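Below, each chain spelled out in residue letters.
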Amino acid sequence: MLDLAGVWTLSDESGSQNVPFALPGDGITALHAAGRIPDPYFGSNEYSCRWISEQDWVARRSFVYAGGAADLVIEGLDTVAEVRLNGALVLEAANSFRRYRVDVTGDLRRGENQIEITFRSPVQAAAALQAGMPFYIPYQQVNGPIPFANMLRKQQCDFGWDWNIALGQFGLGAIRLEPQGPRIADIVVTQSHSGGVADVSLAVHVDGLADVTATLCGVTQTAQVRAGVARLTLRIASPELWWPAGLGAPVLHELKVTGGGAVATRRIGLRSLALVSVPDAAGRSFGFKVNGQPVFARGANWIPADALNGRITVDGVRGLLQSAALANMNMIRVWGGGRYEPDWFYDLCDEMGLMVWQDFMFACHMYPSTPEFLAEVGLEVRDVVARINHHACLAVWCGDNELIGALTWFPETRKDRDRYLVNYDRLNRTVEAALQSVLPGANWWPSSPSPGPLAFGDAWHDDSSGDMHFWSVWHEGRDFDHYRDVKPRFCSEFGFQSYPSMQAIRKFADPADFNIAAPVMESHQKNAGGNARIAETMFRYFRFPVDFENFVYLSQVQQGLAIKTAVTQWRSLKPHCMGTLYWQLNDTWPVCSWASLDHGGNWKLLHHMAKDFYAPVTVVAVPEGAGIALKAVNDGPGPVTLALVVSALSMEGRTRELRSVQASVGTAAAEKIAEVAVASLAKGEVLHWAWSGDAEGEDIHAIKPWKAFDLHDPKVLIEVSGDAITLTAQAFAPFVALEADVPGRFSDNAFPLIPGRPRSIRFAPDAPGAARFTLRHLYAATYGQT
């Protein structure tokens, strides 16, 4: 194998640009590295970099080849491109999601060779394709400042989104020459489990082999190849099973397949994983069973780790996924406007016990249904499924993101719904058929959100069936308590924005821009009216902050409260509701967004709060008429015993016990273990409860907006000893948070601090060295005193 990655030369169509081009990578990163453009993430530089996507680019390099028959193998070719070898056209491609393998034996030379890739302007290519459609195919202009992303099989968010920069990147993932000969290509893995035995069936796709031998967990079998495929089943007695996070170890086993000198390995998790969606009294259920056990999905939506593929690293993605696992998540949804992730991404999810909801890459637009487009989609889906199907983490394959809803978003679709509904159905059926042709019996869900198969209703407001996207609180400006008005079966999107942390803001803005109305801040807010909505909500719930940095802090507090309200309410409905995946886990660049992790991986306050509200065992407060119910939720592997103490907590920090109970809590359903009357709280008091036993924690619930409470100066003191930080207060301090001047992670943040109850946390810096800390809490943020 000859790897052709490395440093190429990149030039534009005019020849005025000629810079080194590191592959794998993207052209925009290469131009920035060469000093030809400013950092597109800083200030408002994005807009001065959009010209790059409006023209063609050519990448070239030479290499020496020793001779012999060979295939050119390319992955992640983004997007409309031609590849030439020694002047001969060997590949025309228009799908960044596919792998390409081309026999180039006749075009190779012994000795020096020249290879060239022409990247066509995605802006021009998309416009030309739209012009050639038999009828207009609408795209979501709110999410697409560069038009017609729906014409191209590339990341849809490359043309912009309501959280993403719009640069229309181009580039390449991998390129190599492989000698021709016996080869094990894809391995399709299916499992059935019964009576303590796992039957693992393999469809091994090969070239040039007569038979293959497979070994798994000490069991070996050989099978003949017929029509390029060897089929065999390995029976594993008493298998050591793979479990999602919180239910057991995510055990992986090596599968080794050999034949004719060719070797291929995969890491296999032995498990049964079923999507359960059946009609019931309420409508239609939605949830997952792993190894026969119902699993409440706790997680978030995943978008690409960076807006520019050349900036994505394995270590960076590992950190983001580890943060999800550390926040007690067991599922992420790979959203349909990004990309199918590389193999190593799913390896990481396997290792961490993170189930993956995998969208196919269609989002928020209408898409063509021409024979040519559907044929390309079929090739894409079959290729992707063949590549990643074996991963234990994969829980469900979903046809698209929000295409059913998009049928109502455009004048064209509203005027001629029949045409666009049939158009959509052709695409959706193509995706499903291609999936099932590779992986028969795969867990399939037609769209997200969706009430169910061949149902095209409003899954944004109808909470009775299937999965739901609930955006009324953010996009319609409703109160946080509106989350309590719906009872979703599974909510796969809901969110509330905040500002990125000051650590992230300082990377793209100068202090002169530290104002929410500054042009730089507005250029890093891609949701129309987003800054105003954050500020308006703040007026609703809090006294207004004293300065910009406290505005940033308070925006993160209110984001955390919004998502906490939704998650705790819906977890209290278990098993009616069996999953919450908030929007979103991560950011592609530093921006105001719905993410709980800053660009680069720093934990925003929401992520710290998620660690608590996603704890496998917790106690949540649910308003019920004139009372507040305390419900215990147990998502663990077995029953637990909890001791609960419920108190009234004054702003001075005095507690008054209201109830104490002990309870045994099973896993099947949330259980009410205590109730207190709202009237039992005096003016100026909030509800506080703490639990201990097989799990421990504490929480608070305010029955009025925080602006209604007259806070006292808590006079918080900080004592630092090594990496340990101890905080004490003389009055109740809500939402105590620390910030560091160096990258790192706090063990806890955004917590209540009560007099006489010191809180000890730790700070782990990313690199050795001392850190200085900034203290924030609600009193300091809104009264301006510490």
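Up top is the structure.
Cut-offs used in this document
Residues numbered from 1 in each chain as written. Predicted model: local features only at pLDDT ≥ 70, side-chain atom pairs only at ≥ 80, totals over all residues. Heavy atoms only, no water. Axes fitted to C-alpha atoms, helices over the stretch in contact; angles between N-to-C directions. Helix = DSSP H or I, 4+ residues; strand = E, 2+ residues; numbered from the N terminus. Left-handed = near helix turned anticlockwise from the far one by under 90°. Contact = heavy atoms within 4.5 Å. Nonpolar A, V, L, I, M, F, W, Y, C, P; charged D, E, K, R; others polar. Pairing = 2+ DSSP bridges.

**Student:** Just to check I follow, could you spell out the packing of helix α3 (residues 314–326) against helix α4 (residues 343–352) for this structure?
**Tutor:** Helix packing geometry: the angle between the two helix axes and the distance between the axes. Relative to each other, α3 and α4 sit at 35°, their axes nearing to 10 Å. Taken as a pair, α3 and α4 cross one another with a handedness that is right-handed. Only Trp344, Phe345, Leu348, Cys349 and Met352 of α4 make contact with α3, whose side of the interface consists of Val314, Val317, Arg318, Leu321 and Gln322. Along the lines of polarity and charge, the residues of the contact of α3 with α4 split into eight nonpolar, one polar and one charged.

**Student:** Would you take a moment to explain the sheet that holds strand β38 (residues 717–721) for this structure?
**Tutor:** One key point about sheets: their strands pair by backbone hydrogen bonds, in either a parallel or an antiparallel sense. One open sheet accounts for four strands, arranged β38-β39-β43-β41; its pairing is antiparallel. In the strand order of this sheet, the two ends are held by β38 and β41 (744–746), each with one partner. Strand-to-strand twist in this sheet, taken as the mean axis angle between neighbours without regard to direction, amounts to 20°. Pairing analysis gives four bridges linking strand β39 (residues 724–728) to strand β43 (residues 759–765), with the strands arranged antiparallel. Within the sheet, the bridge partner assigned to Thr726 lies in β43 and is Ser760.

**Student:** I'm lost on the sheet that holds strand β40 (residues 733–740) in this one. Help?
**Tutor:** Read from one edge to the other, the open sheet built from three strands follows the order β42-β40-β44, with strand pairing classed as antiparallel. The open sheet terminates on both sides in strands that have one partner only, identified here as β42 (751–753) and β44 (773–776). On average, each strand axis in the sheet is inclined to that of its neighbour by 40°, with strand direction left out of account. Across four bridges, β40 lies against β44 in antiparallel orientation. Note that in β44 the partner of Glu739 across the bridge is Thr774. Sitting on the sheet, helix α13 (residues 548–571) is in contact with β40 and β44, with an inclination near 120° to β40.

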